[in-house]
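# A closer look at the structure
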Amino acid sequence: MFGRIVAFFYGVLCYLVFFGTFLYAIGFMGNLVVPKSIDSGRQGPLGEALLIDAGLLLLFAIQHSVMARQWFKRAWTRVVPEPVERSTYVLLSSLLLLLLFWHWRPIGGQVWNVENTVGRILLYGVFAAGWLTVLISTFLINHFDLFGLRQVYLYLRGRKYSPIGFRTPGPYRYVRHPLYLGWLMAFWATPTMTAAHLVFAIATTIYIVTAIQFEERDMIKFYGNAYRNYRQRVPMIIPLSFGKRKSQNWTTDEKAKSVS
């Protein structure tokens, strides 16, 4: 029982680190409140700044993608107990993001600067909507499972973990990855686009598009024809159908029939 209690509090701690990192990320991207943002800090030589920033982004991308793959999870859970595997993933992702925020180097120079008051308000509105989309999307698919709290809670109660079934609630009927859409809105919507911000936005966009390919391979392995049909019906990120039929809200029974 003591081990279960330790695992539960470890999961809660990992979640709190994540949530603090999430809040800091809003300030970091928006140059709001936080002591170190995407455009603050010492500005050094261009080549050095690009190398450091690219290295930080690459380090996060590798960890965040590799640790999410099933072959890694199978190996990793031989070292880390399975109930805290997701929490550990969340913790390491959060720590690498904090490292990025800490060591990020500004580059200088403006790509665009919207001075019109209405334009600035609209862009800040899209920025805020992006973060809200990210948060809401996680709750629609089960926020606490995504960030490891459900796993450690079930372990604490002595109950077996069961994966969340395939569902397409709310915005998932119109785009397959509303969470990624929210990230892109948050990263690109800014009234003042600096060179450093542009580097971040381009790099994370490339990562998101690449990560989706790996993620959808896993989804097809898990859900078979249910996900294949969903992918045929629903656009990936941009909510434009181009002739695709509107997605249904797949139930567990429909999923089982499609896979069988």
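On a predicted model such as this, the values are computed, not experimentally measured, just so you know. (Residues numbered from 1 in each chain as written. Predicted model: local features only at pLDDT ≥ 70, side-chain atom pairs only at ≥ 80, totals over all residues. Heavy atoms only, no water.)

### Some details on the overall build of the chain
Spelled out, the test is: Strands are runs of DSSP state E lasting at least two residues, helices are runs of H or I lasting at least four, and both sets are numbered from the N terminus onward. Values of the radius of gyration come from C-alpha atoms, whereas the globule rule sets the reference at 2.2 Å times the count of residues to the power 0.38. The buried label applies to any residue whose accessible area, calculated with a 1.4 Å probe on protein chains only, is under 20% of its type's maximum; exposed applies above 50%, and partly exposed to all values in between. Only heavy atoms matter for contacts: two residues are in contact if any of them lie within 4.5 Å across the pair. Under the convention used here, a 1.4 Å probe and the Shrake-Rupley method define accessible areas, while residue burial counts only the protein chains that appear. Only four residue types enter the charge count: Lys and Arg as positive, Asp and Glu as negative, with His and the chain ends excluded. Where a charge lies is defined by one atom per residue type, namely NZ (Lys), CZ (Arg), CG (Asp) and CD (Glu).
For the chain, the helix and strand inventory stands at 11 helices and 2 strands. Along the chain direction, N to C, the helices and strands of the chain fall in the order α-α-α-α-β-α-α-α-α-β-α-α-α. For a compact globule of 260 residues, the expected C-alpha radius of gyration is about 18 Å, and the chain comes in at 20 Å, within 12% of that figure. Considered along the principal axes of its C-alpha atoms, the chain spans approximately 55 × 55 × 30 Å. Buried positions account for 43% of the 260 residues belonging to the chain. Within the chain, contacts between residues at least 6 apart in sequence are counted, and of these 76% link residues at least 24 apart. Carbon and sulfur atoms make up 67% of the accessible area of the chain, which amounts to about 14,100 Å² in all. Charged side chains of the chain number 27 positive and 12 negative; the gap between the two group centres comes to 8 Å.

### Re helix α9 (residues 195–223)
Filter applied, for reference: Each residue after the first adds 1.5 Å to the expected span of a helix.
Here α9 is 29 residues long and its end C-alpha atoms lie 41 Å apart, about the 42 Å a rise of 1.5 Å per residue gives. Backbone geometry just after α9 places G224 at a positive phi near 55°.

### Regarding the environment of F222
Assignment of secondary structure puts F222 in helix α9. Each C-alpha atom, one on F222 and one on G165, is 9.8 Å from the other, the two residues being 57 residues apart in sequence.

### Section: the environment of N113
Our working definition: Residues adjacent in sequence count toward polar contacts only when both atoms are side-chain atoms; beyond that, a polar contact is any pair of N or O atoms within 3.5 Å, and within protein one must be able to donate a hydrogen and the other to accept it.
Along the chain, the position of N113 falls in strand β1 (residues 110–113). With relative accessibility at 33%, the residue N113 sits in the partly exposed group. Between the C-alpha atoms of N113 and T190, which are 77 residues apart in sequence, the distance is 8.6 Å. Here N113 is in contact with R120, P191 and T192, once residues within four sequence places are set aside. Only 2.7 Å separates the side chain of N113 from the side chain of T192, close enough to count as a polar contact.

### A word on the packing of aromatic side chains
The condition that has to hold: Aromatic pairing here means that ring centres of Phe, Tyr or Trp (its six-membered ring) are within 6.5 Å. Orientation follows from the plane angle: under 30 degrees is stacked, over 60 is edge-to-face, and everything else is tilted. Whether a charge lies above a ring is judged from NZ of Lys or CZ of Arg, which has to be within 6 Å of the ring centre and within 35 degrees of the ring normal.
This structure, assessed with the given rule, holds 27 aromatic pairs. Ring geometry for F18 and F147: centres 4.0 Å apart, planes at 20°, overall stacked. With F18 in helix α1 (residues 2–30) and F147 in the loop between α6 (143–146) and α7 (149–156), this residue pair connects regions lying 129 residues apart in the sequence. With 6.1 Å between their ring centres and 75° between their planes, F127 and W131 make a pair best called edge-to-face. With F127 and W131 both in helix α5 (residues 117–141) and 4 residues apart, the pair spans about one turn of that helix. Residue F127 shares its accessibility class with W131, and that shared class is buried. Just above the ring of Y155 sits the side chain of R4; from NZ or CZ to the centre is 5.7 Å.

### A few points about the pattern of salt bridges
Heads up, the rule is: For salt bridges, the criterion is a side-chain nitrogen of Lys or Arg within 4 Å of an Asp or Glu carboxyl oxygen.
For the coordinates displayed, the defined rule picks out 5 salt bridges. Here R105 and E48 are joined by a salt bridge, their closest N and O atoms 2.8 Å apart. In this pair, R105 is assigned in the loop between α4 (85–103) and β1 and E48 in helix α2 (residues 46–66), connecting sequence segments 57 residues apart. For E48, a relative accessible area of 35% translates into the label partly exposed.

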